Amino acid sequence: MIIAGSGAAIAQETAEEGWQANSWKRQITYNGGKARDLTYDLYTLHTTATDKPGLMFSCSEEYGMNVLYSFDAVDLLSLFTEPQQSRRLRSIPMWVWTGNYRNDSAYYMVRRSDKVLANQKPIQSAIAMGAILQGLPIRIKSGGYFDVTLPLPPLDEEVMAFVENCEKASEIADEVKAATASRAAAD
């Protein structure tokens, strides 16, 4: 399987260390087998610093919203702009903290060669998006493998551009707003 992507950024300029939202026309070409080639629209949001851990969200009608964490310095955008061959994936247990709250242990797919982890269930990407929208830090840990608190930039117009283009992110943003308003009314 070969995956390729092309696209232009939704916003024209981004800070060196911030967020970048992109819109892509994604193409997946299968070599052999019975699977049909696929082309679809994809939106991404990623941290722009390439010298530290970060994360990337992707969103499409075909696959919903997903999150990709890097546990080391990685150029996340290159994972989408450079053709990728299928690589061996392993499933590993991982803990995710959002703020001071430790979520239940869950399994994520890891590609050691790229130093990235991908969610296996939609709730995993929803937890990450909820943390981003609330300005909470995210810590990822897998016993004996890595323990990293991601240095995430603050919310900006790039995050909001992604939220506008991703139905699931928009739903989460509405839930965060409602919860924040409810807490404010209770105070």
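Refer to the structure presented above.
Described below are features of the structure shown in this document. These numbers were taken from a predicted model, which means no experiment stands behind them.

**Some words on the environment of Ser-60**
Mapping Ser-60 onto the fold places it in strand β4 (residues 55–60). Overall, Ser-60 belongs to the buried group, its relative accessible area being 8%. In this structure, the C-alpha to C-alpha distance between Ser-60 and Asn-165, residues 105 residues apart in sequence, is 9.0 Å. Residues within four places of Ser-60 in sequence aside, it is in contact with Tyr-40, Asp-41 and Leu-42. Only 3.0 Å separates the side chain of Ser-60 from the backbone nitrogen of Tyr-63, close enough to count as a polar contact.

**Focus on the pairing of strand β3 (residues 38–47)**
As defined by bridge partners, strand β2 (residues 19–29) adjoins β3 across 10 bridges and the pair is classed as antiparallel. Its bridge partner being in β3, Gln-27 is matched across the sheet by Thr-39. Bridge analysis of β3 against β4 gives 4 bridges, and the strand direction is antiparallel. Each residue of the ladder has a partner; that of Leu-45, found in β4, is Phe-57.

**Digging into the packing of aromatic side chains**
Going through the model one piece at a time under the given rule, you end up with 6 aromatic pairs. Each member of the aromatic cluster is reached from another via a ring pair, and the members are Phe-71, Tyr-145 and Phe-146. Taking the ring centre of Trp-95 as reference, the NZ or CZ of Arg-102 above it sits at 3.9 Å. Of note, Arg-139 hangs over the ring of Trp-97, and the distance from its end group to the ring centre comes to 4.0 Å.

**Comments concerning the pattern of salt bridges**
All told, the structure shown has 6 salt bridges when counted by the stated rule. Measuring nitrogen to oxygen at the nearest pair gives 3.7 Å for the salt bridge that ties Asp-72 to Lys-115. Here Asp-72, found in the loop between β5 (64–70) and α1 (78–81), pairs with Lys-115, found in the loop between β9 (106–111) and β10 (116–118); they are 43 residues apart in sequence, far enough to count as distant. Look at Asp-72 and you get partly exposed, because its relative accessible area is 36%. Classification of Lys-115 as partly exposed rests on a relative accessible area of 33%. With a closest N to O distance of 2.7 Å, Arg-111 and Asp-114 form a salt bridge. With a relative accessible area of 13%, Asp-114 lands in the buried category.

Cut-offs and rules
Residues numbered from 1 in each chain as written. Predicted model: local features only at pLDDT ≥ 70, side-chain atom pairs only at ≥ 80, totals over all residues. Heavy atoms only, no water. Helix = DSSP H or I, 4+ residues; strand = E, 2+ residues; numbered from the N terminus. Buried < 20%, exposed > 50% of the residue type's maximum accessible area, 1.4 Å probe, protein only. Contact = heavy atoms within 4.5 Å. Polar contact = N/O pair within 3.5 Å; in protein donor to acceptor, adjacent residues only side chain to side chain. Pairing = 2+ DSSP bridges. Phe/Tyr/Trp six-rings, centres within 6.5 Å; stacked < 30°, edge-to-face > 60°. Lys NZ or Arg CZ within 6 Å of the ring centre and 35° of its normal. Salt bridge = Lys/Arg side-chain N within 4 Å of Asp/Glu carboxyl O.

All we've got here are geometric facts, nothing functional implied.
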